Amino acid sequence: MQVSFACTEQTLRSRTSEDRLCPARPSCGQNGGNGGQSKQRTPPMGTKHPNQVLPLLSHILRESTGKSTGMKYRNLGKSGLRVSCLGLGTWVTFGSQISEEVAENIMTVAYEHGVNLFDTAEVYAAGRAERTLGNILKKKEWRRSSYVVTTKIYWGGQAETERGLSRKHIIEGLRGSLERLQLEYVDIVFANRMDANSPMEEIVRAMTFVINQGMAMYWGTSRWSAMEIMEAYSVARQFNLIPPVCEQAEYHLFQREKVETQLPELYHKIGVGSMTWSPLACGLITGKYANTIPEKSRASIKGYHWLKEKAVSDEGKKQHIKVKDLHPIAERLHCTVTQLAIGKRRLHTLYHIDVK
């Protein structure tokens, strides 16, 4: 059995926590308008100076920890949405590899341990993943305000009008997802790759429309280039529309360039967050494909021949050797290579983790 998990850490701030608490610097303990010669205010007797409480408040703003579960929560991008450091994804597994009963057990364990984010897409198992997720959420009767659901739009069907990022498909595709999920809205809708056939303004306007209609709270991008994300942001600002809050990108030991060299500039310039997927390289980093392709593993599933070919290729063999080099390090840290790979993803991102 394989499941996809997600993890997030976020320290992006368009302003620092101190700025948020004290928007105007002169008013925070200083008297401005003195030609740069500010006069320090003396706090009333028995009160703490603002600078004494800022470090503590700064930490609270960035991260909080569930008392009963120990789960950490952080903001997604520069939005106010608080998401758990671990989340549960449904790629390959829900509606395909595992039964609905097993899926329910997994979701229950995740939710009871503080996970508040569940990710899916219209294309996963041809919509069955969304149906499975929706059935479980309806059965469990958890408060809708207590969890976050994300889905992705692009591949909705075989017809020309059932895929892509046209206004028609974004709206109709999301309506279809909501029907399968049995929800009134999703928290985040992702554009599941860029569509060269759809103008950027049309995409941003359609995403703004579904948010204004209450079908989604935020929108994001998935597998977009930094230039495309910046274009979407610029269009949103030009026409007073809603920009994306985060990008979903592949990120693991063997795929680091985009997240580490291309996206950081956007993190700081426009505050877009990041959701990254496959930190275990679809299972390659676990070492299970080093000698053979295990039965019922992802690489043995119909439609995932590309993963099997990758695992047995010359490049794949080189990667297996690199993974073996991690074992001594993991042993010294008293953890598995899988745990080591997950723990090293410290670029404050949200990512899907393939575990077995």
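Residues numbered from 1 in each chain as written. Predicted model: local features only at pLDDT ≥ 70, side-chain atom pairs only at ≥ 80, totals over all residues. Heavy atoms only, no water.

The protein goes by Voltage-gated potassium channel subunit beta-1 in an unreviewed UniProt entry, where it is assigned to Engystomops pustulosus. What UniProt states about the protein under its Sequence similarities (unreviewed entry) heading is, verbatim, "Belongs to the shaker potassium channel beta subunit family." (UniProt positions renumbered as here; feature names shortened; annotations may be inferred.)

Novice: Could you give an account of the pattern of salt bridges, with specific residues and numbers?
Specialist: This model, assessed by the stated rule, comprises 11 salt bridges. One salt bridge connects Glu-130 with Arg-180, and the closest N-O pair in it is separated by 2.6 Å. In this pair, Glu-130 sits in helix α4 (residues 128-140) while Arg-180 sits in helix α5 (residues 167-181), placing the two residues 50 residues apart along the sequence. For Arg-180, a relative accessible area of 18% puts it in the buried group. (Salt bridge = Lys/Arg side-chain N within 4 Å of Asp/Glu carboxyl O. Helix = DSSP H or I, 4+ residues; strand = E, 2+ residues; numbered from the N terminus. Buried < 20%, exposed > 50% of the residue type's maximum accessible area, 1.4 Å probe, protein only.)

Novice: Would you mind going over the sheet that holds strand β4 (residues 64-65) in detail, with residue names and values included?
Specialist: Ordered in space as β4-β5-β6, the three strands form an open sheet in which the pairing is antiparallel. At either margin of the open sheet sits one strand with a lone partner, and together these are β4 and β6 (82-84). Looking at chain direction, strand β5 (residues 72-75) and β6 are connected through three bridges and run antiparallel. Directly across from Arg-74, in β6, lies its bridge partner Val-83. (Pairing = 2+ DSSP bridges.)

Novice: I'd love a proper account of the confidence of the model for the protein, names of residues and values included.
Specialist: Interpretation of the predicted coordinates at a detailed level should be avoided for regions scoring low in pLDDT. Per-residue pLDDT for the protein has a mean of 82; in total, 79% of the residues score no lower than 70. In the model, residues 45-60 has pLDDT below 50 throughout and makes 11 contacts with residues more than four positions away in sequence or in other chains. In the predicted structure, residues 346-356 sits below a pLDDT of 50 and forms 68 contacts with residues beyond four places in sequence or in another chain. (pLDDT = per-residue confidence, 0-100. Contact = heavy atoms within 4.5 Å.)

Novice: Break down the pairing of strand β11 (residues 216-222) for me, with residues and values.
Specialist: Taking burial as the measure, the seven residues of β11 include five buried ones, the bulk of the element. Strand direction decides the pairing type here: strand β10 (residues 186-191) and β11, joined by five bridges, are parallel. Its bridge partner being in β11, Phe-190 is matched across the sheet by Gly-220. Regarding the hand of the β-α-β motif, the stretch spanning β10, helix α6 (residues 200-212) and β11 is right-handed. (Right-handed = clockwise from strand over helix to strand, strands pointing away.)

Novice: Tell me about helix α7 (residues 226-238), and name the residues and values.
Specialist: Think of an α-helix as turning once every 3.6 residues; residues three or four places apart then point the same way. Taking 1.5 Å of rise per residue, the 13 residues of α7 would be expected to cover 18 Å, and the 18 Å separating its terminal C-alpha atoms lies within 8% of that figure. For α7, every residue scored as buried is listed here: Ala-226, Ile-229, Ala-232, Tyr-233, Val-235 and Ala-236. In this structure, the buried residues of α7 make contact with α6, β11, β12 (246-250), α8 (257-262) and α9 (264-270). Asn-240 lies just past α7 and shows a positive phi near 60 degrees. (Expected span 1.5 Å × (residues − 1).)

Novice: Summarise the environment of Thr-108; cite the residues concerned and give the values.
Specialist: Along the chain, the position of Thr-108 falls in helix α3 (residues 100-112). Residues in contact with Thr-108, not counting those within four places in the same chain, are Lys-140 and Trp-142.

Novice: I'd love a proper account of the packing of aromatic side chains, names of residues and values included.
Specialist: The tally for this structure, following the rule as stated, stands at eight aromatic pairs. Measuring from centroid to centroid gives 5.9 Å for Tyr-304 and Trp-306, while their planes differ by 45 degrees, and the two rings are tilted. Here Tyr-304 falls in the buried class, since its relative accessible area comes to 16%. For Trp-306, a relative accessible area of 36% corresponds to the partly exposed category. Each residue in the set Trp-91, Trp-277, Tyr-304 and Trp-306 is aromatic and connected to the rest through ring pairs, giving one cluster. Positioned over the ring face of Phe-209 is Arg-167, at 4.7 Å from the centre of the ring. (Phe/Tyr/Trp six-rings, centres within 6.5 Å; stacked < 30°, edge-to-face > 60°. Lys NZ or Arg CZ within 6 Å of the ring centre and 35° of its normal.)

Novice: I'd love a proper account of the environment of Glu-162, names of residues and values included.
Specialist: Inspection of the secondary structure assignment puts Glu-162 in the loop between β9 (148-153) and α5. Between the C-alpha atom of Glu-162 and that of Glu-172, which follows or precedes it by 10 residues, the distance is 8.4 Å. If we skip the residues at most four places from it in the chain, Glu-162 touches Tyr-154, Trp-155, Gly-156, Gly-157 and His-169.

Novice: Go over the packing of α3 against α4 with me, naming the residues and quoting the values.
Specialist: To describe two helices that pack against each other, one gives the angle between their axes and the distance between the axes. Direction vectors running N to C along α3 and α4 enclose 60 degrees, while the axes themselves pass 10 Å from each other. Taken together, the axes of α3 and α4 are oblique relative to one another. For the pair α3 and α4, the sense of crossing is right-handed. Seen from α3, the contacting residues are Glu-100, Ala-103, Glu-104, Met-107 and Thr-108; seen from α4, they are Thr-132, Leu-133, Asn-135, Ile-136, Leu-137, Lys-139 and Lys-140. Classifying every residue of the contact of α3 with α4 gives five nonpolar, three polar and four charged. (Axes fitted to C-alpha atoms, helices over the stretch in contact; angles between N-to-C directions. Parallel < 35°, antiparallel > 145°, perpendicular 65-115°, else oblique. Left-handed = near helix turned anticlockwise from the far one by under 90°. Nonpolar A, V, L, I, M, F, W, Y, C, P; charged D, E, K, R; others polar.)

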